[in-house]
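Working through the structure, step by step
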Amino acid sequence: MNQSWSHAPRQARPASILQIAILLIAVLLLAACGEEIEVSQSTVVFGDGTVERSVEIWGRTGDRETPKEAGWLADKARIRLAEPESWRVRDREPGHLAAEARFHDVSEVPSTLAHETDYGTVFDRSEIRFDRSDQVILTHSRYVERIGDPFDRADLTAALEALAEWSVEQFAEELDREFGGRVDPSPAQAFLRGDARRLAGRLFGEGSTAGPLMDRAEEDPRAAEELAQVLASFGVPPLPPSGDDDDATGGMILHLVDWARGRAAASLRDGDGPISAESLDFWPDEESLGEAFGAAFDLEADDLPPHLEEFGRLSRRLLQSMSGYYGDGSVPSFHFEYRVELPGTLIRTNGTPVEDGCLWYLQNDDMRIGAELSVETVELHRDALVRLGARRDFEASDLVRMVQWFQDLETGEALRELLAEAVDAGSLDVLLDEDLEGSLQVPAVALHGMLDPDITRWPPTR
């Protein structure tokens, strides 16, 4: 089968660039049928590092009704527990799932949700770290859980790499067909893997959390200025002015194709002579571009040649990696409620303190960007404080200060050693040793003032 851009069989009228732009927007903004998913997850971490986690998932239809169809969560909403064998299911109904599990260590805790997509099963990103440090008179615990979209920047890079390689192969085949093998394609292929690939990465937002530059430039004057600077840095001529009714996205695509065609032609030779850009007009023209993008998004295209089917698959993969799972308008509306509880007194969190720990509320956009749940607590060592004859009633600000002193890179370790000597001696006076180095003496004296019950608290207004 002939697999060229310009001679592929056409079963349907090819899409115009304007149709392509409209279709891309429709795909990105495509509304789901209105399904809503509520996820409530509770995590309790114990002093020995074991973890108890429970999760409940509720779903309702686009009519805001409770699902009646068996398997609705998996079949309609296309979600399930990421590792079902790790959980004990307490309740399962068409629109509700409740499960719980106990893990020996945070490293064993799996991602909560898996999603069925057109590209296979993907898992929410999840990484947990739990640290406990013994500071003689207290234990400091820190829990950090990073969660986010199944698709990350690495997926975007992989999708761009795959499309670049597809372009390299297709160009070589086209060149061979048009010139009968007289032209060595390798210089142009180096351009496609080099400048063309790097420019695509800049335009599609590779390595950036702000999103595709082309999209932002349509609304944000600063992004438009950045776009102009990026194009100029790659030697792309300025974009011609466009009217109110012009297709800006389509015009940009064709402008970049003309630039790429010119750069590719400039690198090639037919015998001893150069190749003109016009001689590469087969790669590709507006009509074949429309057909290719139509194939990518099933725009009245069927029985396509294999190279266009591959282009469609790679393009959809790129779009998914750009939007992320949670940025895809066709997925349900998600509402996440996370709770985390650690032993001890809470001293710091980026969540909301509640009676049973800390609380976070996240939605689709939060998951697409990625979020971090952070909690820090302190447990006092009563026996050590009693041996020191120290006070045992501390404000949260006292505990924060002590943790800061113990974590100081310059004096923290020495302060802990000095405090351990004080506990062994059963006397706070060890902290007042006049022979201490100046850098250690300051936190030692401050700690003594905080621990000694006979000293008035400082500052006195507390």
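Residues numbered from 1 in each chain as written. Predicted model: local features only at pLDDT ≥ 70, side-chain atom pairs only at ≥ 80, totals over all residues. Heavy atoms only, no water.

Things to note about the pattern of salt bridges
Scanning the entire structure with this criterion turns up 27 salt bridges. We note a salt bridge from Asp-258 to Arg-261, for which the minimum N-O separation is 2.9 Å. Taken together, the residues span about one helical turn, with Asp-258 and Arg-261 both in helix α7 (residues 248-266) at a distance of three residues. Residue class for Arg-261 comes out buried when judged on its relative accessible area of 10%. Where Arg-368 meets Asp-365, a salt bridge forms, and the shortest distance between an N and an O atom there is 3.8 Å. (Salt bridge = Lys/Arg side-chain N within 4 Å of Asp/Glu carboxyl O. Helix = DSSP H or I, 4+ residues; strand = E, 2+ residues; numbered from the N terminus. Buried < 20%, exposed > 50% of the residue type's maximum accessible area, 1.4 Å probe, protein only.)

What about the side chain of Thr-139?
Here Thr-139 shows up in strand β9 (residues 138-148). A distance of 2.7 Å separates a polar atom in the side chain of Thr-139 from a polar atom in the side chain of His-381. (Polar contact = N/O pair within 3.5 Å; in protein donor to acceptor, adjacent residues only side chain to side chain.)

Thoughts on the packing of helix α3 (residues 153-179) against helix α9 (residues 306-323)
The geometry of a pair of packed helices is captured by two quantities: the angle between their axes and the separation between those axes. Axis separation between α3 and α9 bottoms out at 8 Å; the angle between their running directions is 155°. Classed by the angle they form, the pair α3 and α9 counts as roughly antiparallel. Where α3 crosses over α9, the two elements pack in a sense that is left-handed. Contact residues: α3 offers Asp-155, Leu-156, Ala-158, Ala-159, Leu-160, Ala-162, Leu-163, Trp-166 and Gln-170, while α9 offers His-307, Glu-310, Phe-311, Leu-314, Ser-315, Arg-317, Leu-318, Ser-321 and Met-322. A breakdown of the residues in the contact of α3 with α9 according to their chemical character gives eleven nonpolar, four polar and three charged. (Axes fitted to C-alpha atoms, helices over the stretch in contact; angles between N-to-C directions. Parallel < 35°, antiparallel > 145°, perpendicular 65-115°, else oblique. Left-handed = near helix turned anticlockwise from the far one by under 90°. Contact = heavy atoms within 4.5 Å. Nonpolar A, V, L, I, M, F, W, Y, C, P; charged D, E, K, R; others polar.)

A short note on the environment of Ala-446
For Ala-446, the position within the fold is in helix α14 (residues 438-451). Residues Ala-446 and Leu-432 lie 14 residues apart in sequence; the distance between their C-alpha atoms is 9.7 Å.

Describing the environment of Val-236
By the secondary structure assignment, Val-236 is in the loop between α6 (221-233) and α7. Classification of Val-236 by relative accessible area gives buried; the value is 5%. Among all residues touching Val-236, those that are not within four sequence positions of it are Leu-199, Leu-231, His-255, Leu-256 and Trp-259.

Regarding the environment of Arg-153
When you line up the elements, Arg-153 lands in helix α3. Judged by relative accessible area, Arg-153 falls into the partly exposed class, the value being 45%. Setting aside anything within four residues of it in sequence, one finds Arg-153 in contact with Gly-207, Ser-208 and Thr-209.

Things to note about the packing of aromatic side chains
Aromatic ring pairs are reported here in terms of the distance separating the ring centres and the angle at which the planes meet. Under the criterion given, the structure shown has nine aromatic pairs. Ring plane angle 75° and centroid distance 5.9 Å describe the contact between Tyr-326 and Phe-336, whose orientation is recorded as edge-to-face. On the criterion of sequence distance, the pair formed by Tyr-326 in the loop between α9 and β12 (333-341) and Phe-336 in strand β12 is long-range, its members being ten residues apart. A relative accessible area of 2% places Tyr-326 in the buried class. For Phe-336, a relative accessible area of 1% translates into the label buried. With a centroid separation of 5.6 Å and an interplanar angle of 10°, the aromatic rings of Phe-334 and Phe-336 are classed as stacked. As far as burial versus exposure is concerned, Phe-334 and Phe-336 are alike and both buried. Here a set of aromatic residues connected by ring pairs shows up, and it is made of Tyr-325, Tyr-326, Phe-334, Phe-336 and Tyr-338. (Phe/Tyr/Trp six-rings, centres within 6.5 Å; stacked < 30°, edge-to-face > 60°.)

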